[in-house]
Structure formats: C-alpha cells, structure tokens
Protein chains: 4
Amino acid sequence: MSEMNQLCINACLSCLAACERCATACLQEPNLEHLRDCIRLDRQCAVLCGMTAQLLAMDSDYAPQICKLCADACEKCGKTCSQHDHDHCQICATACFDCAESCRGIAMRLP
Amino acid sequence: MSEMNQLCINACLSCLAACERCATACLQEPNLEHLRDCIRLDRQCAVLCGMTAQLLAMDSDYAPQICKLCADACEKCGKTCSQHDHDHCQICATACFDCAESCRGIAMRLP
Amino acid sequence: MSEMNQLCINACLSCLAACERCATACLQEPNLEHLRDCIRLDRQCAVLCGMTAQLLAMDSDYAPQICKLCADACEKCGKTCSQHDHDHCQICATACFDCAESCRGIAMRLP
Amino acid sequence: MSEMNQLCINACLSCLAACERCATACLQEPNLEHLRDCIRLDRQCAVLCGMTAQLLAMDSDYAPQICKLCADACEKCGKTCSQHDHDHCQICATACFDCAESCRGIAMRLP
C-alpha cells in the first residue's frame, strides 16, 4: 500500500474519532440549540470517514470517488465546527480540514 | 422520510447482511481459490451498503451521490456472485441487484 | 445459518435504522433540550446494533456476548425513547424492544 | 476525555486498519488455503475494533464491556496472524496485541 493511502487512512480515522467526540460533547453543552448543524454534520462526516478508511484499507477501486465525497463532507463539517469556540469543535475542525486535504490528494486520481 | 428512502435503506441493509454471509461462507468452501474476487467484492459492497443506509437514515445531502457509488458496487458484486452456484452466492447476487436498482432510483435525483 | 440468527440480524438492522432516523429527527425538534439523552442513547444503540448484525452474519463466536450487550443497550434506549411522544421516538422504542428480545434469545446460549 | 481513552481509540483504529489490510492482502496470497482463519478473524476483529473506538469516542457506559470483548478478539486474531510470515500478518499481529493491551486497561474498570 502506498504511503499516501496510509496517511489518508490515518487522517480519516482521526477525523472519525474527532467527529464522534465533538458530537458527544456538543450534546452536553448549554448552548445545544446552536449546535444542531454541528452535530448533524459530525455524524455524517464520521460515517463517511469510517467508510473511506475501510475502502482505502481494502485497496478498493472506489477509493478515489469516495475520497471526493469524504473531502466535501469534511470541508462542510470543518467550516461549521470552526465557527464555535468549544475546544472539541476547534479540534474537530482541524481534523476535518486535514482529512479533506488528504482525501483531495487521492480524489485527484479520478479520470 | 419518503417511502422510497425507507425501501432503499432496507435494500441496503439486506444486501449488507447477504454480502457478509456470502464472504463468510465462501471462506469455508473447498473451491476457495476461485472465490477470491467474490470475497473481495462482498467486503467492499458491504461497507458501501452499510454507509449508504446510514446516510439515508440521516437524510444526508450526500445520499444521491453515495447511492450512485453503492449501485455501481452492488452491480459489480452481483455479477461476480451470480457466476457461482453456491446458494450464498446466488442469494447475495439477488440482494445486490435489488439494492442496485433501489439505489439507482435515488441517484437519479442528482442534478 | 439458523433462522434465529437471520431474524436477529433483521431486528438489529431495523433497530439501527430506527435509531439513526430518531437521532436525526430529534435534532430538528423544538424541544431539543429534552432530547439529549435520547440522541445520546440512539447513537450508542445504533453502533451496537450494526456491529451485532455484522458479527451474527459472520457466524462469530462472539455473537452471544455481543448480543447480551446489544440487548442491554436496546432496552435502555427503548425506555428513554418510549417517554417521548414524537412518532420517531415511539417507532424507535418499538424497534429497540423487538431487537432486545431477539438478542436475548441468542445471548441465552452463553454458558 | 481521559488520555487512556484517547490512546485506546487510536489503538483500536490502528488495529482496524491493520486487520482490513491483512485480510485484503491475504486474499491475494498464493497460499490462500492456509489463510482462511486469518481472514475470518481479521474481519471479526475489524468490526469489534471499529465499534469499540466509536463507543469510546461517545464516552459510552458500555466501553469497559466492549473493551473486554475487543481484547479477546484482538488476542485471538493476533495469535493466528503471528503464525504467518507475511509482512501484513506480522504487522497485524503487532497491532492486535497493542490493541488488546490497551483494551484490557479499560476493561479493568468493570466492577
């Protein structure tokens, strides 16, 4: 497996964990009302990151296409998280942007 | 949630289970050597079906795009499985083709 | 695969979908503040149901133990959901109790 | 979240990736016939590791119980993988033993 794939798997799995932690922590915040979108996008991003990591680890032909989708989801989630001051949101935003960049690199292999 | 989404979630989850069972049963067959591709595609298809079902259940904006990918994976897996006489392969092929058709319906919402 | 395993896989996957839908719908409710626990337990229950279904489909030796855990999670989630009048909560509660009963049947195989 | 939980999440996710890669690589080996058990256990271990990481990230009350199961699965998978000379098997064995140790630490919190 190429180093690029390995790094992208790691970025996806870090992002999955950050999203699950962020959603969990958001659910305990006093300003829950303003975190609806954050939780919603965290959940979708976590699903896509987990699945992307698995398909990359399986050397799947679908990897570039799924990486493209995953990058989109990470960017959208990262932008929303970055608007909140909570530590878990900021940490999640960083993980999302890292993952998006890594996934873009693999999505570029698309014809 | 629309009935179409509900039916597609069910098709995806049935296909996920059929793929996992098929891969598990293939691993116990005497002609394992000829089932490499079947197991490989079963695993990828299971990942995509599980994730598609989750994103549909989350009413995600990514649903049509992931359904397109999932339909492709199901068709490829179904074609391979349908070439083998084992019951688990034939059952899996049917589940794959059902899921592919259901996913195509949702993928058609793409602009 | 035994019919009992098949039924339990179906119950787990139905419960997974109901939990994901319930959490998604809760996030859009006006009384979000009172649904924190519901969303939290939906998420955990969905993870356990998905994993239990996969291990059952793999004919795993860990099935009875994971079914025991899954039954506990389903009961806890079902009890919380059943206290809310939203349709999605009531539907989720029913799916949780069905899944708990089915999982208990398999957990009973534990020595 | 405690540092111990964070480390365990990382160990689980590394193990998940190692197991998926090992199963994928095994399916391409000439001595496939001797790798049936390895692939079978890789798949189960991957499911348990992924779910354990998610439940830990959700700060779930089920974490210690699932960590106990995950540690058992990792040890069993690690023992089988360690008997094969393939690089992917040896790498997977190491990831399995690391994850088992980390999960044991959290399982010890069980009453």
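Okay, so let's go over this structure. The structure displayed is predicted, hence computed values, not measured ones. (Residues numbered from 1 in each chain as written. Chains lettered and ligands numbered in written order. Predicted model: local features only at pLDDT ≥ 70, side-chain atom pairs only at ≥ 80, totals over all residues. Heavy atoms only, no water.)

**Here's the deal with the overall build of chain A**
Looking only at helices and strands, one finds four helices and zero strands in chain A. Secondary structure elements in chain A, listed N-terminal to C-terminal, are α-α-α-α. A compact globule built from 111 residues would reach a C-alpha radius of gyration of about 13 Å, and chain A, at 14 Å, matches this within 12%. Here the C-alpha coordinates of chain A stretch approximately 45 × 20 × 15 Å along the principal axes. Looking at the 111 residues of chain A, the share that counts as buried comes to 65%. Partitioning the contacts of chain A with sequence separation of at least 6, the portion at a separation of at least 24 is 72%. Each charge sign in chain A was given a centre, from 9 positive and 14 negative side chains, and these centres are 7 Å apart. (Helix = DSSP H or I, 4+ residues; strand = E, 2+ residues; numbered from the N terminus. Rg over C-alpha atoms; globule rule 2.2 N^0.38 Å. Buried < 20%, exposed > 50% of the residue type's maximum accessible area, 1.4 Å probe, protein only. Contact = heavy atoms within 4.5 Å. Lys, Arg positive; Asp, Glu negative; His and termini not counted. Charge placed at Lys NZ, Arg CZ, Asp CG, Glu CD.)

**As for the nonpolar core**
Judged by nonpolar contacts, the single largest core of 204 residues is most densely connected at Leu48 of chain A, Leu48 of chain B, Leu48 of chain C together with Leu48 of chain D. If near-sequence neighbours (up to four positions away) are discounted, Leu48 of chain C is found in contact with Ile66, Leu69, Cys70 and Ala73 of chain C together with Met51, Leu55, Tyr62 and Ile66 of chain D. (Core = buried A, V, L, I, M, F, W, Y, C linked by side-chain atoms within 4.5 Å.)

**Quick word on the interface of chain D and chain A**
On the side of chain A, 13 residues touch chain D, which itself brings 13 residues to the contact. Buried surface at the junction of chain D and chain A, both sides included, amounts to about 1200 Å², of which 64% is carbon and sulfur. Across the contact surface, chain D and chain A share zero salt bridges. The tally of links between chain D and chain A comes to four residue pairs in polar contact (both at pLDDT 80 or more). Of all elements in the fold, only helix H1 (3-26) and helix H2 (36-57) of chain D reach the threshold of two or more residues within the side of chain D that touches chain A. No other element matches the eight residues that H1 of chain D contributes to the side of chain D that touches chain A. (Buried area = accessible area lost by both parts, 1.4 Å probe. Salt bridge = Lys/Arg side-chain N within 4 Å of Asp/Glu carboxyl O. Polar contact = N/O pair within 3.5 Å; in protein donor to acceptor, adjacent residues only side chain to side chain.)

**Structural notes on the interface of chain B and chain A**
Between chain B and chain A, the residue contacts involve 17 residues of the former and 17 residues of the latter. When chain B packs against chain A, close to 1800 Å² is buried across both sides, 69% of that on carbon and sulfur atoms. Where chain B touches chain A, the interface holds two salt bridges. Across the salt bridge formed by Asp61 of chain B and Lys76 of chain A, the nearest N and O atoms sit 3.3 Å from each other. Linking chain B with chain A are four residue pairs in polar contact (both at pLDDT 80 or more). Elements with a contribution of two residues or more to the side of chain B that touches chain A: helix H2 (36-57) and helix H3 (63-82) of chain B.

**Considering the relation of the copies chain D and chain A**
Of the transformation superimposing chain D on chain A, the axial component is 0.0 Å and the angular component is 180°, with the fit at an RMSD of 0.0 Å. Interpreted geometrically, this transformation is the action of a two-fold axis. The C-alpha atom lying nearest the rotation axis in chain D is that of Leu13 of chain D; the distance is 3.3 Å. Both copies present the same face, since 100% of the interface residues in chain D are matched by interface residues at the equivalent positions in chain A. (Least-squares fit on C-alpha atoms with pLDDT ≥ 70 in both.)

**Some points on the relation of the copies chain B and chain A**
Between chain B and chain A, the superposition needs a rotation of 180° and an axial shift of 0.0 Å, giving an RMSD of 0.0 Å. A shared binding surface is used by both copies, with 100% of the interface residues of chain B retained as interface residues in chain A.

**Topic: the packing of helix H1 (residues 3-26) of chain A against helix H4 (residues 87-107) of chain A**
All names here are of chain A. With their axes 8 Å apart at the nearest point, H1 and H4 run at an angle of 150° to one another. By the criterion of interaxial angle, the relationship of H1 to H4 is roughly antiparallel. Relative to H4, the crossing made by H1 is left-handed. For the contact of H1 with H4, the class distribution of residues is 18 nonpolar, five polar and no charged. (Axes fitted to C-alpha atoms, helices over the stretch in contact; angles between N-to-C directions. Parallel < 35°, antiparallel > 145°, perpendicular 65-115°, else oblique. Left-handed = near helix turned anticlockwise from the far one by under 90°. Nonpolar A, V, L, I, M, F, W, Y, C, P; charged D, E, K, R; others polar.)

**Considerations on the side chain of Arg21 of chain D**
Relative to the helices and strands, Arg21 of chain D is located in helix H1. Of the side chains with opposite charge, Asp59 of chain A lies nearest to the buried Arg21 of chain D, which makes no salt bridge, at 8.5 Å. For Arg21 of chain D, the side chain forms a polar contact with the side chain of Gln6 of chain A, separated by 2.9 Å.

**Some remarks on the pattern of salt bridges**
For the coordinates displayed, the defined rule picks out 24 salt bridges over all chains. For Arg36 of chain B, the salt bridge is made with Glu33 of chain B, and the minimal N-O distance between the two is 2.6 Å. Note that Arg104 of chain D is salt-bridged to Glu75 of chain D, the shortest N-O span being 3.1 Å. Of this pair, Arg104 of chain D sits in helix H4 (residues 87-107) while Glu75 of chain D sits in helix H3 (residues 63-82), and the two are 29 residues apart along the sequence. According to the relative accessible area criterion, Arg104 of chain D is partly exposed, its value standing at 28%.

**What about H4 of chain D?**
Over its 21 residues, H4 of chain D runs 30 Å from end to end, which matches the ideal 30 Å to within 8%, given 1.5 Å per residue. Residues of H4 of chain D that are buried include every one of His88, Cys89, Cys92, Ala93, Ala95, Cys96, Cys99, Ala100, Cys103, Ile106 and Ala107 of chain D, and no others. (Expected span 1.5 Å × (residues − 1).)

**A short note on the environment of Asn5 of chain B**
Along the chain, Asn5 of chain B turns up in helix H1 (residues 3-26). With near-sequence residues (within four places) excluded, Asn5 of chain B lies in contact with Leu56, Asp59, Ile106 and Arg109 of chain B.

**Quick notes on unusual backbone geometry**
Residues and elements named next belong to chain B. In the Ramachandran plot, Asp59 falls in the positive-phi region, its phi being about 55° despite a non-glycine side chain. Among the structural elements, Asp59 can be located in the loop between H2 and H3. You can call Asp59 partly exposed: its relative accessible area is 46%.

**Comments concerning H1 of chain A**
With 24 residues, H1 of chain A ought to run about 34 Å at 1.5 Å a step, and its terminal C-alpha atoms sit 34 Å apart, in line with that. Judged by how many residues are buried, H1 of chain A sits mostly within the fold: 18 of 24 residues are covered.

**Notes on the packing of helix H2 (residues 36-57) of chain C against helix H3 (residues 63-82) of chain C**
In helix packing, the relevant descriptors are the interaxial angle and the interaxial distance, both defined with respect to the helix axes. Residue and element names in this part refer to chain C. Close contact between H2 and H3 brings their axes to 9 Å; oriented N to C, the two are set at 155°. Considered as vectors, H2 and H3 are oriented roughly antiparallel to each other. For the pair H2 and H3, the sense of crossing is left-handed. Two secondary-structure elements touch here, H2 through Asp37, Cys38, Leu41, Asp42, Cys45, Leu48, Cys49, Met51, Thr52, Leu55 and Leu56 and H3 through Ala63, Ile66, Cys67, Leu69, Cys70, Ala73, Cys74, Lys76, Cys77, Thr80 and Cys81.

**Side note on the environment of Ala46 of chain A**
All names here are of chain A. As for its position among the elements, Ala46 is in helix H2 (residues 36-57). Taking the C-alpha atoms as reference, Ala46 lies 8.7 Å from Leu13; in sequence the two are 33 residues apart. Among residues more than four places away in sequence, those in contact with Ala46 are Leu16, Cys19 and Glu20.

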